[in-house]
Amino acid sequence: MYEQLETYFQQKLSLTEAQFAEITALLTPKSVRKGELVVRQGEVGRYGAFVAKGCLRSYVIDKKEKEHILQFAPENWWIADQNSITHNEPAMFYIDAVEDSEVFLFGSAFFQKLQAIGPEFQSLFYTLLQNSVRSMQKRLISTLSATAEERYLEFIHTYPTLALRLPQRMIAAYLGVTPESLSRIRKELSIHK
């Protein structure tokens, strides 16, 4: 599990053994079983996670008990209710494990302490933050203006390894369509190949 984390950071920047030791001191390794909650909507979220193995997701449940998935976090992704962690406010969404997963939990001060390890981490933090904002903006625009087929193709582009790993109902909940509609989309796309 630590090898996955080290590889992730080494791909982003040059990392000394001492720096990696400082990073791991800020993180808590945890095995998360499929279906286990990491963050509960309405409660103050104390942790976010870096996924070393498996997949987490963030989602909300509306008043009609319909699930809306906001994000998946497969290997090498970060996931958190950043507002809850940073401002000590109730979480806006749930985060749970879609598969049995190995994660590193981080608390509210993680990114500030990470920046103190070395100046190169300031740039990494800024890049992660920019990527998160960019991703959410693209997702919002897609949700508001793209067709279901276009959203599915974007899902495949964003999460190339997940189409075969996730239940159809979860992909449908991410896309904002019914599982039956997703089946039709998949069938139509396979015909046009």
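Notes on the structure in this doc start here. (Residues numbered from 1 in each chain as written. Predicted model: local features only at pLDDT ≥ 70, side-chain atom pairs only at ≥ 80, totals over all residues. Heavy atoms only, no water.)

### Describing the sheet that holds strand E7 (residues 94-97)
Each strand in a sheet pairs with its neighbour through backbone hydrogen bonds, running either in the same direction (parallel) or in the opposite one (antiparallel).
Argument step 1. Across the sheet, which stays open at both edges, the four strands sit in the order E2-E7-E4-E5 with antiparallel pairing between neighbours. Either end of the sheet is taken by a strand with one partner, and the two such strands are strand E2 (37-39) and strand E5 (67-73). The mean angle between the axes of side-by-side strands here comes to 30°, regardless of whether they run parallel or antiparallel.
Argument step 2. Running over the sheet, helix H7 (residues 168-175) touches strand E4 (56-61) and E5 and is turned about 100° from E5. (Pairing = 2+ DSSP bridges. Helix = DSSP H or I, 4+ residues; strand = E, 2+ residues; numbered from the N terminus. Axes fitted to C-alpha atoms, helices over the stretch in contact; angles between N-to-C directions. Contact = heavy atoms within 4.5 Å.)

### A closer look at the pattern of salt bridges
Argument step 1. One pass over the full model with this rule turns up eight salt bridges.
Argument step 2. A salt bridge links Arg33 to Asp100; its shortest N-O distance comes to 3.3 Å. Note that Arg33 is positioned in the loop between strand E1 (28-32) and E2 and Asp100 in the loop between E7 and strand E8 (101-106), a separation of 67 residues in sequence.
Argument step 3. The class for Asp100 is partly exposed, based on a relative accessible area of 41%.
Argument step 4. Taking the shortest distance from any N to any O, the salt bridge between Arg57 and Asp96 comes out at 2.7 Å. One end of the pair, Arg57, is in strand E4; the other, Asp96, is in strand E7, with 39 residues separating them in the sequence. You'll find Arg57 and Asp96 in the same group, each marked buried.
Argument step 5. Through salt bridges with shared partners, a single network forms among Arg57, Glu67 and Asp96. (Salt bridge = Lys/Arg side-chain N within 4 Å of Asp/Glu carboxyl O. Buried < 20%, exposed > 50% of the residue type's maximum accessible area, 1.4 Å probe, protein only.)

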